[in-house]
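What follows is each chain in one-letter form.
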Amino acid sequence: MIIHLLASVENIEDDIANLRRIVDVIHSQGHSLSVNWIEPAYARAIKNHAPARVDWRAVYKENMAATAKADVIIAEATLRSFGTGYAFARAGGLRKPTLILRCDDAEDDNMVVGIDERYTTFKPYNEQTLEKIVISFIKENDYKTKNIRFNVPIIPEVVTVLVPLRLPPPKRANLLPACYKCLLDKPRRCAH
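In this text, all values refer to a predicted model and were calculated from it rather than measured experimentally. (Residues numbered from 1 in each chain as written. Predicted model: local features only at pLDDT ≥ 70, side-chain atom pairs only at ≥ 80, totals over all residues. Heavy atoms only, no water.)

Engineer: Before we move on, could you go through the nonpolar core and cite the residues and values that matter?
Structural biologist: Membership of the largest hydrophobic core comes to 31 residues, with the highest contact counts inside it found for Leu5, Ile12, Ile22, Ile74, Leu101 and Val134. Contributions of two or more residues to this core are made by β1 (2–7), α1 (12–28), α2 (38–47), β3 (72–76), β4 (98–103) and α5 (130–141). Considering every element that reaches this core, the biggest residue donor is α1, with seven residues. Each residue touching Leu101, except ones within four places of it in the same chain, is listed here: Ile22, Ile74, Ala75, Glu76, Ala77, Thr78, Lys123, Tyr125, Leu130, Ile133 and Val134. Listed in part, the eleven residues of the second largest apolar core include Ala75, Ala87, Phe88 and Phe122. (Core = buried A, V, L, I, M, F, W, Y, C linked by side-chain atoms within 4.5 Å. Buried < 20%, exposed > 50% of the residue type's maximum accessible area, 1.4 Å probe, protein only. Helix = DSSP H or I, 4+ residues; strand = E, 2+ residues; numbered from the N terminus. Contact = heavy atoms within 4.5 Å.)

Quick look at the structure:
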């Protein structure tokens with residue numbers, strides 16, 4: 001699974017230990033990051049104690065592409081950040097499962113605490129619970145552990161075979177793969 005990790009860059013020196021732990025958990029579960037930005041951002045922060053010149057247009061594009069590419073989003077939101085908030089709101093709009101983490105000793109004076117959305121989970125954490133929360137979220141949203149259902153458009157040639165049979169939908173669904181195979185092998189004719 002591809003996971004996009006969001007966090008504030010502004011005080012990354014304060015968050016680096018937790019961010020590294022989250023990255024380690026992601027990798028230990030066999031998943032990867034959509035963008036590996038944590039270490040480069042940290043290196044930039046400790047090298048330049050003054051704010052570094054950043055191409056924010058490129059950062060925005062990279063974050064939006066990473067959000068679209070990711071299967072799930074994890075946001076460390078202890079520190080307030082418009083960018084992080086915008087990115088996880090965008091993820092919600094894309095119906096990406098999103099875990100919002102916040103240190104449990106942080107004040108509950110932020111809108112993120114009140115989030116109650118279908119695809120978004122808010123969890124306060126501490127050193128003892130961080131790993132367990134991230135692992136649980138990843139397992140709950142790993143597509144390999146779920147039955148996946150998708151809709152297939154039915155071409156007219158298949159409809160002409162299925163309609164006269166008057167089968168209930170589950171039985172029709174079971175016939176579809178065979179009908180499509182027949183039509184691929186012998187266009188315009190299906191023996192089913």
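Engineer: Tell me about the pairing of β1, and please be specific about residues and values.
Structural biologist: In terms of residue burial, β1 counts as a mostly covered element, since five of its six residues are buried. Both β1 and strand β2 (residues 32–33) contribute to a ladder of two bridges, which runs parallel. The partner of Ile2 across the bridge, within β2, is Ser32. The handedness of the β1 to β2 crossover, carried by α1, is right-handed. Across five bridges, the pairing between β1 and β3 is parallel. Opposite Ile3, over in β3, you have Val72 as the bridge partner. (Pairing = 2+ DSSP bridges. Right-handed = clockwise from strand over helix to strand, strands pointing away.)

Engineer: Talk me through the packing of α1 against α5; I want residue IDs and the actual numbers.
Structural biologist: Between α1 and α5, the least distance of the axes is 10 Å, while the angle of their chain directions is 40°. As the angle between them shows, α1 and α5 are arranged oblique. Crossing hand, α1 versus α5: right-handed. Seen from α1, the contacting residues are Asn18, Arg21, Ile22, Val25 and Ile26; seen from α5, they are Leu130, Glu131, Val134, Ile135 and Ile138. (Axes fitted to C-alpha atoms, helices over the stretch in contact; angles between N-to-C directions. Parallel < 35°, antiparallel > 145°, perpendicular 65-115°, else oblique. Left-handed = near helix turned anticlockwise from the far one by under 90°.)

Engineer: Which residues make up the environment of Arg118, and what values do they have?
Structural biologist: Of note, Arg118 is situated in the loop between β4 and β5 (120–125). Note: C-alpha distance between Arg118 and Lys96 (22 residues apart in sequence) is 9.8 Å.

Engineer: Tell me about the side chain of His31, and please be specific about residues and values.
Structural biologist: Note that His31 resides in the loop between α1 and β2. Judged by its relative accessible area of 8%, His31 falls in the buried class. A polar contact of 2.9 Å, which involves the side chain of His31, links it to the backbone nitrogen of Met1. Excluding its chain neighbours within four sequence positions, the residues that come into contact with His31 are Met1, Ile3, Ile26, Ile138 and Asp142. (Polar contact = N/O pair within 3.5 Å; in protein donor to acceptor, adjacent residues only side chain to side chain.)

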